[in-house]
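# Notes for the structure review
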Amino acid sequence: MTVYLININNDCNECMECVEVCQTGILTEDFINMVKSKINSTESPDKILFRKYAPECTYCESCESVCGQEAIWIINLNPECEEL
Ligand code: SF4
Ligand code: SF4
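Residues numbered from 1 in each chain as written. Chains lettered and ligands numbered in written order. Predicted model: local features only at pLDDT ≥ 70, side-chain atom pairs only at ≥ 80, totals over all residues. Heavy atoms only, no water.

## Digging into the packing of aromatic side chains
Applicable threshold: In summary, the pairing rule links any two rings of Phe, Tyr or Trp, Trp by its six-membered ring, whose centres are within 6.5 Å, and it sorts them by plane angle into stacked for under 30 degrees, edge-to-face for over 60 and tilted for everything else. Secondary structure elements are defined from DSSP: runs of H or I of at least 4 residues count as helices, runs of E of at least 2 residues count as strands, and each element is numbered from the N terminus. Per-residue accessibility, obtained with a 1.4 Å probe over protein chains only, is compared with the maximum for each type, and a residue is labelled buried under 20%, exposed over 50%, and partly exposed between these values.
In the structure shown here, the tally under the stated rule is two aromatic pairs. On the numbers, 4.8 Å between centres and 20° between planes, the contact of Tyr 4 with Tyr 59 is stacked. Here Tyr 4, found in strand 1 (residues 4–9), pairs with Tyr 59, found in the loop between strand 2 (49–54) and helix 3 (62–66); they are 55 residues apart in sequence, far enough to count as distant. Judged by centre distance (5.8 Å) and plane angle (80°), the ring pair of Phe 31 and Phe 50 falls under edge-to-face. On the criterion of sequence distance, the pair formed by Phe 31 in helix 2 (residues 29–40) and Phe 50 in strand 2 is long-range, its members being 19 residues apart. Pair check on accessibility: Phe 31 and Phe 50 agree, each one buried.

Here is the structure:
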């Protein structure tokens, strides 16, 4: 099974644009708010990266495309899939 890893850093300004375009429902306002809250509760928020395994993600990359902050990106963890 292909699994993807969602990465979000502190450049996220909670605009919720990614929430609007995520068709699988993984990205929600509650999720983004939780991520920012967790990042901001650390001693060095700008050095913290939030990561979450997301088997539901379809790797549509809509969130990456819409994010003006370039604060979210997806990594494909499928070991059989080579990137060119
Ligand atoms: S689109 Fe980018 S800046 Fe906006 S909520 Fe999503 S990750 Fe944060
Ligand atoms: S790549 Fe697509 S399905 Fe995955 S989190 Fe981003 S918008 Fe949602």
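## Concerning the sheet that holds strand 3 (residues 72–76)
Heads up, the condition is: Any two strands between which DSSP finds at least two bridges are classified as paired. For every element, the axis is a line fit to its C-alpha atoms; helices are fit only across the contacting stretch, and the angle between N-to-C directions ranges from 0 to 180 degrees. We call two residues in contact when some of their heavy atoms are within 4.5 Å.
On the basis of which strands lie adjacent, the open sheet formed by three strands has the order 2-1-3 and antiparallel pairing. Sheet topology places strand 2 and strand 3 at the edges, where each strand pairs with a single neighbour. Strand-to-strand twist of the sheet, defined as the mean angle between neighbouring strand axes without regard to direction, takes the value 25°. Seen against the sheet, helix 2 touches strand 1 and strand 2 and runs at an angle of roughly 140° to strand 2.

## Thoughts on the site of ligand 1
Let me state the cut-off plainly: For this description, a residue counts as near a given molecule or strand if any of its non-hydrogen atoms is within 4 Å of it. For this classification, Asp, Glu, Lys and Arg are treated as charged, while Ala, Val, Leu, Ile, Met, Phe, Trp, Tyr, Cys and Pro are nonpolar and the rest, including Gly, are polar.
Around ligand 1 sit Cys 12, Asn 13, Glu 14, Cys 15, Met 16, Glu 17, Cys 18, Ile 32, Cys 67, Gln 69 and Ile 72, and those are all the residues in its vicinity. Split by residue class, the shell around ligand 1 holds seven nonpolar, two polar and two charged.

## Concerning helix 2
In an α-helix, one turn spans 3.6 residues, which is why side chains three or four residues apart end up on the same side. The condition is simple: A helix's residues, less one, multiplied by 1.5 Å, set its expected span. Each direction from the helix axis to a C-beta atom contributes to the arc, which is the arc of those directions.
For helix 2, spanning 12 residues, the distance from its first C-alpha to its last is 16 Å, which sits close to the expected 16 Å at 1.5 Å a residue. Burial in helix 2 covers these residues: Phe 31, Ile 32, Val 35, Lys 36 and Ile 39. End-on view of helix 2: buried residues confined to an arc of 130°, all on one side of the axis. As for helix 2, its buried residues are in contact with strand 1, helix 1 (17–21) and strand 2.

## Remarks on the nonpolar core
Just so we agree on the cut-off: Side-chain atoms within 4.5 Å are what join buried Ala, Val, Leu, Ile, Met, Phe, Trp, Tyr and Cys residues into a set we call a nonpolar core.
In this structure, Ile 6, Ile 8, Leu 27, Phe 31, Ile 32 and Ile 72 are the most contacted members of the largest nonpolar core, which totals 22 residues. Put simply, the parts of the chain that give this core at least two residues each are strand 1, helix 1, helix 2, strand 2 and strand 3. Top element by residues in this core is helix 2. It accounts for four residues. Ignoring sequence-local partners within four residues, the contact set of Ile 32 consists of Ile 8, Cys 12, Glu 14, Met 16, Cys 18 and Val 19.

## Some thoughts on the pairing of strand 1
Along a regular strand, successive side chains alternate from one face of the sheet to the other. In terms of residue burial, strand 1 counts as a mostly covered element, since six of its six residues are buried. Going residue by residue along strand 1, you find Tyr 4, Ile 6 and Ile 8 tucked away on one face and Leu 5, Asn 7 and Asn 9 tucked away on the opposite face as well. Strand direction decides the pairing type here: strand 1 and strand 2, joined by six bridges, are antiparallel. When the sheet's bridge partners are listed, Ile 6 is paired in strand 2 with Lys 52. Bridge count for strand 1 against strand 3 is five bridges, and the pairing is antiparallel. Bridge pairing links Tyr 4 to Asn 76 in strand 3.

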